[in-house]
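# Architecture and fold: a report
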Number of protein chains: 2
Amino acid sequence: MRIVIIGTGNVATILGKRFLAADHEIVQVCGRNQLHAEELADALSASFTTGLQHVNSNADLYVLAVSDTAVAAVASQLQLNNKLVVHTAGAVSKNVLSACSKNYGVLYPLQSLRSELNELPDIPFLVDGNTEDDLALITEFASSISNQVQQAGDEERLKLHIAAVMVSNFTNHLYALAKAYCLQEHVDFNMLLPLITSVAERLHDYEPAAVQTGPAVRNDEATIQKHLALLQPHPALQSLYYMFTESIKKMHKQ
Amino acid sequence: MRIVIIGTGNVATILGKRFLAADHEIVQVCGRNQLHAEELADALSASFTTGLQHVNSNADLYVLAVSDTAVAAVASQLQLNNKLVVHTAGAVSKNVLSACSKNYGVLYPLQSLRSELNELPDIPFLVDGNTEDDLALITEFASSISNQVQQAGDEERLKLHIAAVMVSNFTNHLYALAKAYCLQEHVDFNMLLPLITSVAERLHDYEPAAVQTGPAVRNDEATIQKHLALLQPHPALQSLYYMFTESIKKMHKQ
């Protein structure tokens, strides 16, 4: 496909590379910031523009990879003559794209995408389309860049987005909090990396609830009290510890 | 080393296999439940006993792999004639072992160990010893079964134990909560596995705080409100979502 990418952030950058790697052609990158637009266009062997009014009108697919809050505003400024247009947002209805074309849908990457990451991770996609033809086209396109593609309407996508926030954004924040704690307490966070990897990896084979370990699921009150006491100088961690302990006990109560 | 393992649970089972794989000899398994003791002894080519008074007195190392709450009671019932004895608990002082021998220490596996897991994960060990000689012996033994061994006193071990609970028990509980939510809402949890893996794996190369993604770090209030509204029928998840969102905003406020 000949593709125009609108946006220059993490999602635009990583999806652009993925499109290129699957032999699609990026004809143009559009971004407000000239430097960012030029840099991404260079990386993708594309031309660039900083104005939505100058978007190339001869592409097959327009990908709005802008922040969720900007999708509607950008769509309202585009006239794409019924060209196929998708956004990449988890929590935005596909219908906001009706402002710019009759043919639209969603190409939502269910991944945590940061442009500084060197390796391209596996990216499952949730796709949607305004018509059956649009949905078929978007599904086919997504399948050319990923072997995990599922069709999902606005509400289903929003639900998986919530679950994704829980299992990635919240866990990543737990890692960040634990790392800050280790730094403050002068213990080596890196010793935890094999543990972190194995807890994530075993999800491929086991139910998470069935392989829960730790003092809360064992009802080991002595350990829990020692931990809470040692967390006294870290009140935010202490209340988080308390909340998780209660939640684990509740899920596993006999 | 010729080893006696006291305990038949997850830690006893997985460490026993690891000892055997590193060419140590398990001479005996001791457990209250005869069936469990016999099963584990069979798996480890060892004899078994159900009575602490019948523990073989001719081994080089005694490993108390019992629940954290039972370590002190078991130690008080053992007389090991100054043989080297270790416990495997994160939150128990090494000194409770002074009841059974003058030579004691800690061999704490910093992993989430469940005996049903087929693959033996990498296991970093935190070790401690009552004397310099004991510490040297335990460090050498730990190094024969793992290439990640660190010496750590009671307090340092307890601090890493807290961090381990946060990054493994709490994240695993987040996975369990998200899986239950996906089942209730009829969306496919398995679509989240690549996301979960990549968030854990990139910790080897990036600071977690520096690669935080999601609506909270973007200050995307519209998405946050949509998520909170959709979580209305799940009040426990809703308050957890709220707490994490506030904590992420706090860490990343400009």
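Nothing here was measured: the structure is a model prediction, and the numbers come from that model.

### Regarding the domain arrangement of chain A
Residue and element names in this part refer to chain A. Looking at the assigned domains, one finds that chain A contains domain 1 (2–152) and domain 2 (158–252). Residue-level contacts link five residues of domain 1 with four residues of domain 2. Overall, the association of domain 1 and domain 2 removes approximately 430 Å² of surface from exposure, summing both partners, and the carbon and sulfur fraction of that is 72%. Taken together, the links from domain 1 to domain 2 amount to zero salt bridges.

### Concerning the relation of the copies chain B and chain A
For the pair chain B and chain A, the relating rotation is 180°, the translation along its axis is 0.0 Å, and the fit reaches an RMSD of 0.0 Å. What the rotation and shift describe, once combined, is the action of a two-fold rotation axis. Judged by C-alpha distance, threonine 171 of chain B is the residue of chain B that lies nearest the rotation axis, at 2.7 Å. Taken together, the interface assignments show that 100% of the residues at the interface of chain B recur at the interface of chain A, consistent with an identical surface on both copies.

### What to know about a negative patch on the surface
Together, Glu119, Glu201 and Asp205 of chain A together with Glu119, Glu201 and Asp205 of chain B make up a region of like negative charge exposed at the surface. As for its placement among the helices and strands, glutamate 201 of chain A is situated in helix 6 (residues 193–201). Glutamate 201 of chain A sits in the partly exposed class, given a relative accessible area of 33%.

### Observations regarding the packing of helix 8 (residues 235–252) of chain A against helix 5 (residues 154–185) of chain B
If you want to describe how two helices pack, look at the angle between their axes and the distance between the axes. Contact geometry of helix 8 of chain A with helix 5 of chain B gives a least axis separation of 10 Å together with a crossing angle of 50°. The angle between helix 8 of chain A and helix 5 of chain B falls in the class oblique. The handedness of the crossing between helix 8 of chain A and helix 5 of chain B is left-handed. Note on element contacts: helix 5 of chain B touches helix 8 of chain A through Val165, Met166, Asn169, Phe170, His173, Leu174, Ala176 and Leu177 of chain B, opposite Leu237, Leu240, Tyr241, Phe244, Thr245, Ser247, Ile248 and Met251 of chain A. Of the residues in the contact of helix 8 of chain A with helix 5 of chain B, the class split is 12 nonpolar, four polar and no charged.

### Here we look at the interface of chain B and chain A
Contact with chain B, which involves 90 residues of that partner, is made by 90 residues of chain A. Both faces considered, chain B and chain A share a buried interface measuring about 9000 Å² in area, 70% of it formed by carbon and sulfur atoms. Remark: the boundary between chain B and chain A carries six salt bridges. For lysine 179 of chain A, the salt bridge goes to glutamate 207 of chain B, with nearest N and O atoms at 3.1 Å. The interface formed by chain B and chain A holds 36 residue pairs in polar contact (both at pLDDT 80 or more) in total. Looking at the side of chain B that touches chain A, the elements with two or more residues in it are strand 7 (125–129), helix 5, helix 6 (193–201), helix 7 (221–230) and helix 8 (235–252) of chain B. Ranked by residues supplied to the side of chain B that touches chain A, first place goes to helix 5 of chain B with 27 residues.

### Looking at the sheet that holds strand 2 (residues 25–30) of chain A
Residue and element names in this part refer to chain A. Ordered by their spatial adjacency, eight strands build an open sheet running 3-2-1-4-5-6-7-8, and the pairing between neighbours is mixed. For this open sheet the edge positions go to strand 3 (47–49) and strand 8 (149–151), each flanked by a neighbour on one side alone. This sheet shows a mean twist of 25° between the axes of neighbouring strands, independent of strand direction. Here strand 1 (residues 2–6) runs beside strand 2; their pairing, made up of five bridges, is parallel.

### What about the packing of aromatic side chains?
Within the structure shown, the criterion is met by seven aromatic pairs over all chains. On the numbers, 5.4 Å between centres and 70° between planes, the contact of phenylalanine 170 of chain A with tyrosine 241 of chain B is edge-to-face. With phenylalanine 170 of chain A in helix 5 (residues 154–185) and tyrosine 241 of chain B in helix 8, this residue pair bridges two chains. Each member of the pair phenylalanine 170 of chain A and tyrosine 241 of chain B is classed as buried. The structure contains a cluster of three or more aromatic residues connected by ring pairs, namely Phe170, Tyr241 and Phe244 of chain A together with Phe170, Tyr241 and Phe244 of chain B.

### Brief notes about helix 8 of chain A
For helix 8 of chain A, built from 18 residues, the straight-helix expectation of 26 Å at 1.5 Å per residue is met to within 8% by its first-to-last C-alpha distance of 26 Å. Those residues of helix 8 of chain A that fall on the buried side of the exposure criterion are Leu237, Gln238, Leu240, Tyr241, Phe244, Thr245, Ser247, Ile248 and His252 of chain A. Tucked inside the fold, the buried residues of helix 8 of chain A contact helix 5 and helix 7 (221–230) of chain A together with helix 5 and helix 8 of chain B.

### Brief notes about the UniProt feature "domain: Pyrroline-5-carboxylate reductase catalytic N-terminal" (unreviewed entry) in chain A
Within the UniProt annotation, "domain: Pyrroline-5-carboxylate reductase catalytic N-terminal" (unreviewed entry) is assigned to residues 2–88 of chain A. Note that residues 2–88 of chain A is 32% helix and 25% strand, and that its end C-alpha atoms are spaced 17 Å apart.

### Quick word on the packing of helix 8 of chain A against helix 8 of chain B
Between helix 8 of chain A and helix 8 of chain B, the least distance of the axes is 12 Å, while the angle of their chain directions is 160°. Judged by the angle between their axes, helix 8 of chain A and helix 8 of chain B are roughly antiparallel. You can see that helix 8 of chain A and helix 8 of chain B cross each other, and the crossing is left-handed. Contacts between helix 8 of chain A and helix 8 of chain B involve Leu240, Met243 and Phe244 of chain A from the first element and Leu240, Met243 and Phe244 of chain B from the second.

### Re the pattern of salt bridges
Under the defined criterion, the tally for this structure stands at 20 salt bridges over all chains. Taking the shortest distance from any N to any O, the salt bridge between glutamate 25 of chain A and arginine 2 of chain A comes out at 3.6 Å. Of the two residues, glutamate 25 of chain A sits in strand 2 while arginine 2 of chain A sits in strand 1, which places them 23 residues apart along the sequence. Residues arginine 218 of chain B and aspartate 68 of chain A are paired through a salt bridge, measuring 3.7 Å at the closest nitrogen-oxygen approach. With arginine 218 of chain B in the loop between helix 6 and helix 7 and aspartate 68 of chain A in the loop between strand 4 (61–64) and helix 3 (71–76), the pair connects residues from two separate chains. Here the salt bridges share partners, and the residues they tie into one network are Asp68 of chain A together with Arg218 and Asp220 of chain B.

Calculation rules
Residues numbered from 1 in each chain as written. Chains lettered and ligands numbered in written order. Predicted model: local features only at pLDDT ≥ 70, side-chain atom pairs only at ≥ 80, totals over all residues. Heavy atoms only, no water. Domains from an automatic or database assignment. Contact = heavy atoms within 4.5 Å. Buried area = accessible area lost by both parts, 1.4 Å probe. Salt bridge = Lys/Arg side-chain N within 4 Å of Asp/Glu carboxyl O. Least-squares fit on C-alpha atoms with pLDDT ≥ 70 in both. Patch = residues over 30% accessible without salt bridge, like charges linked within 9 Å, V, L, I, M, F, W, Y side chains within 5 Å. Areas by Shrake-Rupley, 256 points an atom, 1.4 Å probe, with all protein chains shown as cover. Lys, Arg positive; Asp, Glu negative; His and termini not counted. Charge placed at Lys NZ, Arg CZ, Asp CG, Glu CD. Helix = DSSP H or I, 4+ residues; strand = E, 2+ residues; numbered from the N terminus. Buried < 20%, exposed > 50% of the residue type's maximum accessible area, 1.4 Å probe, protein only. Axes fitted to C-alpha atoms, helices over the stretch in contact; angles between N-to-C directions. Parallel < 35°, antiparallel > 145°, perpendicular 65-115°, else oblique. Left-handed = near helix turned anticlockwise from the far one by under 90°. Nonpolar A, V, L, I, M, F, W, Y, C, P; charged D, E, K, R; others polar. Polar contact = N/O pair within 3.5 Å; in protein donor to acceptor, adjacent residues only side chain to side chain. Pairing = 2+ DSSP bridges. Phe/Tyr/Trp six-rings, centres within 6.5 Å; stacked < 30°, edge-to-face > 60°. Expected span 1.5 Å × (residues − 1). UniProt positions renumbered as here; feature names shortened; annotations may be inferred.

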